[in-house]
Amino acid sequence: MSSEVAARRDAKKLVRSPSGLRMVPEHRALGSPFGLEEPQWVPDKECPRCMQCDAKFDFLTRKHHCRRCGKCFCDKCCGQKVPLRRMCFVDPVRQCAECALVSHKEAEFYDKQLKVLLSGATFLVTFGDAEKPEAMVCRLSNNQRYLLLEGDSRYEIEIARISTVQILTEGFPPGEKDIHTYTSLLGSQPVSEGGNARATGMSLQYAAPGAEGMTQLRLTAGEDANASRRQSTAWLAAMHKATKLLYESRDQ
């Protein structure tokens, strides 16, 4: 892909909504899969009372809308201003207590795990039934829409086309089998946790453009216990967090 095309794909613009300033993609179709749409606000006439504490709104008790859920609250129940990066707000915005808690938790993903995914890590990559894996750097694209695999060859996998992700783990007591952390991005399977297990690889299925059926891809971290292995393990852990976030956003 040329740098000019990549620049157009990553281009953003500043827009003003009723909730505040947002830095959004120039083309809506190229938005991040981690993003959330702004909610429809509950009409003022439909909420004479706070939807949390039931306080009646009047001249002294003003109503406020949570920017994340769109419900009506009094200032006491909706007084926090918290960053809401999944909706691309430039500044912290007013949120109810429940939504603020969720947004605080998501901030860790944006502050830590997302940076790890963008930096990338080296894996042994096997496509389908190929006998020999290829050493490649896997990273998330700047617009967060693609997994980029770069080695002797280069591949782009659109996140939206991934149907399932399996995080391969190890680290259980002797006699117990390794458990695969399984997440369905497009289905309804819950995320299962691997306890204290360490991620060693990832297997995913996706719909490749122009191909019939699903394509399988397997990433395996190197066996050496050096910085590269640690970076690969951190990338897999970040991918696990990202997959959970995608699953939760499809459920909202």
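Residue numbers run consecutively from 1 along every chain, following the written order of its sequence. Owing to the predicted nature of the model, reporting of local features is limited to residues with pLDDT of at least 70; listing and counting of side-chain atom pairs is limited to 80 or more, with chain, interface and lining totals taken over all residues. To get the side-chain values, all heavy atoms of the structure are used, and hydrogens and water are removed first.

1. Notes on the side chain of Ser-19
The cut-off we apply is this: Under the scheme used here, helices are H or I runs from DSSP no shorter than 4 residues and strands are E runs no shorter than 2 residues, and both carry numbers assigned from the N terminus. Nitrogen and oxygen atoms within 3.5 Å of one another constitute a polar contact, given that in protein one can donate a hydrogen and the other can accept it, and given that sequence-neighbouring residues count only through two side-chain atoms. Note on definitions: a residue-residue contact is assigned when non-hydrogen atoms from the two residues lie within 4.5 Å.
Position of Ser-19 among the secondary structure elements: in the loop between strand 1 (12-17) and strand 2 (20-25). Looking at Ser-19, its side chain comes within polar contact range of the side chain of Glu-38, at 3.2 Å. Residues in contact with Ser-19, not counting those within four places in the same chain, are Glu-38, Trp-41, Arg-67, Phe-89 and Val-93.

2. Looking at the pairing of strand 10 (residues 154-158)
Heads up, the rule is: Strands are treated as partners if at least two bridges between them are detected by DSSP.
Two elements, strand 9 (residues 146-150) and strand 10, share 5 bridges in a ladder whose sense is antiparallel. Each residue of the ladder has a partner; that of Leu-149, found in strand 10, is Tyr-155. Hairpin remark: strand 9 followed by strand 10, antiparallel, with 3 residues in the connecting loop.

3. Examining the confidence of the model for the protein chain
The test is simple: Confidence per residue, as judged by the predictor, is encoded in pLDDT with a range of 0 to 100.
Chain-level pLDDT for the protein chain is 83 on average; 82% of the residues reach the 70-or-more range. Within the protein chain, no element has a lower average pLDDT than strand 12 (residues 181-184), which sits at 40, and none a higher one than strand 4 (residues 72-73), at 97. Low pLDDT, under 50, characterises residues 172-195; the predicted model gives this stretch 61 contacts beyond four residues in sequence or across chains.

4. Description of the layout of surface pockets
The criterion, for reference: Site definitions follow a grid-based scheme: protein atoms alone, a 1 Å grid, a 1.4 Å probe that fits but cannot get out for cavities, and for pockets an open set with protein on both sides within 12 Å along at least five of seven lines, plus lining residues having an atom within 4 Å of a point. Grid points are joined across faces, edges and corners, and a volume is the space filled by probe spheres set on the points. Polar here means any residue outside two lists: the nonpolar Ala, Val, Leu, Ile, Met, Phe, Trp, Tyr, Cys and Pro, and the charged Asp, Glu, Lys and Arg; Gly therefore counts as polar. Note that the domain bounds were set by an automatic or database domain assignment.
In this structure, the largest pocket encloses a volume near 760 Å³. Taken together, 30 residues line the largest pocket, and the ones lying closest to its centre are Pro-25, Gly-31, Ser-32, Gly-35 and Cys-88. Those elements that provide at least two residues to the lining of the largest pocket are helix 1 (3-10), strand 1 and strand 2. The greatest single-element share of the lining of the largest pocket, amounting to 4 residues, is contributed by strand 2. Of the residues that constitute the lining of the largest pocket, the class distribution is 12 nonpolar, 6 polar and 12 charged. Mapped onto the domain boundaries, the lining of the largest pocket takes at least three residues apiece from domain 1 (11-116) and domain 2 (120-170 + 198-251).

5. Quick notes on unusual backbone geometry
Our working definition: Only protein chains enter the accessibility calculation, which uses a 1.4 Å probe. A residue is then buried if its area is under 20% of the maximum for its type, exposed if over 50%, and partly exposed in between.
With a phi angle near 65°, Cys-88 is a residue other than glycine that sits in the positive phi range. Within the secondary structure, Cys-88 is located in the loop between strand 5 (80-82) and strand 6 (93-95). Given a relative accessible area of 26%, Cys-88 falls into the partly exposed group. Even without a glycine there, the phi angle at Gln-144 is positive, about 65°. Mapping Gln-144 onto the fold places it in the loop between strand 8 (134-140) and strand 9.

6. Details of the nonpolar core
The following threshold applies: Buried Ala, Val, Leu, Ile, Met, Phe, Trp, Tyr and Cys residues form a nonpolar core when they are joined through side-chain atoms within 4.5 Å.
Ranked by size, the top nonpolar core spans 33 residues in total, and within it Phe-123, Leu-147, Met-202, Leu-219 and Trp-235 carry the most contacts. Of all elements in the fold, only helix 2 (97-119), strand 7 (121-127), strand 8, strand 9, strand 11 (162-170), strand 13 (198-206), strand 14 (215-220) and helix 3 (227-250) reach the threshold of two or more residues within this core. Among the elements that take part in this core, helix 3 stands out by supplying 7 residues, more than any other. Two domains each donate at least three residues to this core, and these are domain 1 (11-116) and domain 2 (120-170 + 198-251). Apart from residues lying up to four places away in sequence, Leu-219 is in contact with Phe-123, Leu-124, Val-125, Cys-138, Leu-149, Thr-200, Gly-201, Met-202 and Trp-235. With 12 residues, the next largest nonpolar core counts Phe-57, Phe-73, Cys-74 and Cys-78 among its residues.

7. A short note on the state of the cysteines
The following threshold applies: Cysteine sulfur atoms that come within 2.5 Å of each other are treated as a disulfide pair.
This structure, assessed with the given rule, holds 1 disulfide. Paired by a disulfide, Cys-47 and Cys-72 hold their sulfur atoms 2.3 Å apart. Here Cys-47 is found in the loop between strand 2 and strand 3 (64-65), whereas its partner Cys-72 is found in strand 4, with 25 residues between them in sequence. Since its relative accessible area comes to 2%, Cys-47 is described here as buried. Not engaged in a disulfide, the cysteine Cys-77 finds its nearest cysteine sulfur in Cys-74; these two sulfurs lie 3.7 Å apart.

8. Here we look at the pattern of salt bridges
A side chain with one charge can pair with a side chain of the opposite charge if their charged atoms come near. Let me state the cut-off plainly: A side-chain nitrogen of Lys or Arg and a carboxyl oxygen of Asp or Glu constitute a salt bridge if their distance falls within 4 Å.
Enumeration over the complete set of coordinates arrives at 10 salt bridges. Here Arg-94 makes a salt bridge to Asp-75, at a shortest N to O gap of 3.1 Å. In this pair, Arg-94 is assigned in strand 6 and Asp-75 in the loop between strand 4 and strand 5, connecting sequence segments 19 residues apart. Residue Arg-94 is classed as buried on the basis of its relative accessible area, which comes to 17%.

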